[in-house]
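Single-letter residue listing:
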Amino acid sequence: QVQLVESGGGLVQAGGSLRLSCAASGRTFSHYAMGWFRQAPGKELECVAGISRRGSSTYYEDSVKGRFTISRDNAKNLVYLQMDSLKPEDTAVYYCAADTGSSSVTYYYSTKYDYWGQGTQVTVSS
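Residues numbered from 1 in each chain as written. Predicted model: local features only at pLDDT ≥ 70, side-chain atom pairs only at ≥ 80, totals over all residues. Heavy atoms only, no water.

A. Structural detail: the state of the cysteines. Evaluation of the coordinates by the stated rule reveals one disulfide. The partner cysteine of C22 in its disulfide is C96, sulfur to sulfur 2.0 Å. Between C22 and C96, the S-S dihedral sits near 55 degrees, and the bridge is therefore right-handed. Of the two residues, C22 is situated in strand β3 (residues 18-24) and C96 in strand β9 (residues 92-99); the sequence distance between them amounts to 74 residues. On the basis of relative accessible area, C22 is assigned to the buried category, the value being 0%. Given a relative accessible area of 0%, C96 falls into the buried group. (Disulfide = S-S within 2.5 Å. Helix = DSSP H or I, 4+ residues; strand = E, 2+ residues; numbered from the N terminus. Buried < 20%, exposed > 50% of the residue type's maximum accessible area, 1.4 Å probe, protein only.)

What follows is the structure, encoded as structure tokens:
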């Protein structure tokens, strides 16, 4: 039902910035909490940010607080992850995810989300 497509990944030097976008096909996008996850080689899947349906509440993993900003444009069915002051440790495949069922599970658990994008590679060089 819901398709998610990420874009905006690439190669950037440490200290640089990237903005990831996630385009959603769902007709009730404004009803979905959204999250951004990442998985680095040899590491577990990690939630980096989450946002409520209206965008009034956000969550950030401690390591990205002050550097990353999640936002959404419900009129365009888009969610963004603005990434500033990037570090080599941020290198990972980044995924967007949608919670279409209004799960009570906390934002940072992957089980909250029932639809996932294909992922986009972010590589930060030192």
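Let's pick the thread back up.
B. Fine view of the pairing of strand β8 (residues 78-83). With five of six residues buried, β8 is to be regarded as a mostly interior element. Two strands pair when backbone bridges link them, and β3 and β8 are joined in this way by six bridges, in the antiparallel orientation. Looking across to β8, one finds that A23 is bridged to L78. With six bridges joining them, strand β7 (residues 68-73) and β8 adopt antiparallel strand pairing. Bridged to F68 within β8 is M83. Turn length for the β7-β8 hairpin, with the two strands adjacent in sequence and antiparallel, is four residues, and the turn residue N77 shows positive phi of about 55 degrees. (Pairing = 2+ DSSP bridges.)

C. Structural view of the side chain of K112. Tracing the sequence through the fold places K112 in the loop between β9 and β10 (115-116). In contact with K112, other than residues within four places in its own chain, are A33, D99, S103, V105, T106 and Y107. (Contact = heavy atoms within 4.5 Å.)

D. Broad picture of the environment of T106. By secondary structure assignment, the location of T106 is in the loop between β9 and β10. The exposure class assigned to T106 is partly exposed, which follows from its relative accessible area of 36%. A sequence separation of 56 residues divides T106 from G50, and the C-alpha atoms of the two residues are 9.4 Å apart.

E. Inspection of the pattern of salt bridges at higher detail. Under the criterion given, the structure shown has five salt bridges. Notably, a salt bridge pairs K112 with D99, separated by 3.1 Å at the nearest N-O pair. Remark: D99 occurs in strand β9 and K112 occurs in the loop between β9 and β10; sequence separation between them is 13 residues. By relative accessible area, which is 7% here, K112 ends up buried. Through salt bridges with shared partners, a single ionic network connects R38, E46, R67 and D90. (Salt bridge = Lys/Arg side-chain N within 4 Å of Asp/Glu carboxyl O.)

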